[in-house]
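# Structural overview for review
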Amino acid sequence: MAFKLPKLPYDYKALEPHIDAKTMEIHYSKHHNGYTNKLNAALEGSGLEKKSIEDILKRVSKHSDAIRNNGGGYYNHSLFWSVMSPDGGGEPGGKLGKAINDSFGSFEKFKEKFTAAAGTRFGSGWAWLIVRRNGKLAVTSTPNQDNPLMDVVKTKGAPILGLDVWEHAYYLNYQNRRPDYVNAFFNVINWKEVQKLYNRALKK
Ligand code: MN
């Protein structure tokens, strides 16, 4: 088995009331687990089993649709769990806070842009905060399980914050009210982890 479902860093009900326990349980134990198992099945005999997930995604145009969809699903959800926390919310300070101000004008402007990216992604997909190759921040969105690491995506960069806007991520609690879900997400963002990912991305 090449890839393992990462351990959830908190229990299913930890993010309530913003994200409910039932959604977390199904999302993690069924959806993320499913992407992980299907990725491993798709990688069998491909010669890619020893590669990192980042290396696989960076050359995803050369691989099968099953690797693209399930490799994206594996990576995206692993990141998603890590950038949320029951102690999350608020605004980042330090270097990341400054970079957000420099790139978007203010934290509020960043939030507006990210919320718009999540809200206007038609159908299923993700909203992202990424570090571009020049070190600048950008807000983007991708369809399905694509992400900004992939060579098939137009605006590439290192994802440091990702929000799942598939209906499976919010429908039980929010039904069709995606904007309410996006707003609630801001109450659980783990800015400490995002800051860590930002520092790591700058060093690459
Ligand atoms: Mn999902």
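As the structure is a computational prediction, the values presented were derived from the model and not from experiment. (Residues numbered from 1 in each chain as written. Predicted model: local features only at pLDDT ≥ 70, side-chain atom pairs only at ≥ 80, totals over all residues. Heavy atoms only, no water.)

### Here we look at the sheet that holds strand S1 (residues 125-131)
Here we have three strands laid out as an open sheet, ordered S2-S1-S3, and antiparallel in their pairing. Every other strand in the sheet has two partners, leaving strand S2 (137-143) and strand S3 (158-164) as the edge strands with one partner each. Between one strand and the next, the sheet's axes are offset by a mean angle of 25°, whatever the strand orientation. Here S1 runs beside S3; their pairing, made up of six bridges, is antiparallel. The residue bridging Val131 from the neighbouring strand is Ala158, located in S3. Docked against the sheet, helix H8 (residues 191-203) engages S1, S2 and S3, running at close to 145° with respect to S3. (Pairing = 2+ DSSP bridges. Helix = DSSP H or I, 4+ residues; strand = E, 2+ residues; numbered from the N terminus. Axes fitted to C-alpha atoms, helices over the stretch in contact; angles between N-to-C directions. Contact = heavy atoms within 4.5 Å.)

### Comments concerning the nonpolar core
Residues Phe110, Leu137, Ile160, Leu161, Leu163, Tyr181 and Phe185 are the most contacted members of the largest nonpolar core, which totals 50 residues. Take this core: its biggest share by element is six residues, from S1. Among residues more than four places away in sequence, those in contact with Phe110 are Ile100, Phe104, Leu129, Val139, Leu161, Phe186 and Trp191. (Core = buried A, V, L, I, M, F, W, Y, C linked by side-chain atoms within 4.5 Å. Buried < 20%, exposed > 50% of the residue type's maximum accessible area, 1.4 Å probe, protein only.)

### Let's talk about the coordination of the manganese ion
Donor atoms from the polypeptide that coordinate the manganese ion comprise His27 (NE2), His77 (NE2), Asp164 (OD) and His168 (NE2), at 1.9 to 2.1 Å from the metal. Here the donor residues for the manganese ion map to a single chain with the spacing H-x49-H-x86-D-x3-H. Of this pair, His77 sits in helix H3 (residues 65-82) while Asp164 is found in strand S3, placing the two residues 87 residues apart along the sequence. (Donors = N, O, S within 2.8 Å, 3.2 Å for Na, K, Ca; no water.)

### Description of the pattern of salt bridges
Under the definition given, this model contains five salt bridges. For Lys13, the salt bridge identified is with Asp11, shortest N-O distance 3.9 Å. On the accessibility criterion, Asp11 (46% relative accessible area) is partly exposed. In this structure, Glu193 engages Lys196 in a salt bridge whose closest nitrogen and oxygen atoms are separated by 3.3 Å. Taken together, the residues span about one helical turn, with Glu193 and Lys196 both in helix H8 at a distance of three residues. Looking at Lys196, the relative accessible area reads 46%, which means it is partly exposed. (Salt bridge = Lys/Arg side-chain N within 4 Å of Asp/Glu carboxyl O.)

### Focus: the pairing of S1
With seven of seven residues buried, S1 is to be regarded as a mostly interior element. Neither face of S1 is left uncovered, since the one carrying Gly125, Ala127, Leu129 and Val131 and the one carrying Trp126, Trp128 and Ile130 both have all their residues buried. Across seven bridges, the pairing between S1 and S2 is antiparallel. Looking at S2, one finds that Ala127 is bridged to Ser141. The antiparallel hairpin formed by S1 and S2 contains five residues in its connecting segment, where Gly135 sits at a positive phi of about 90°.

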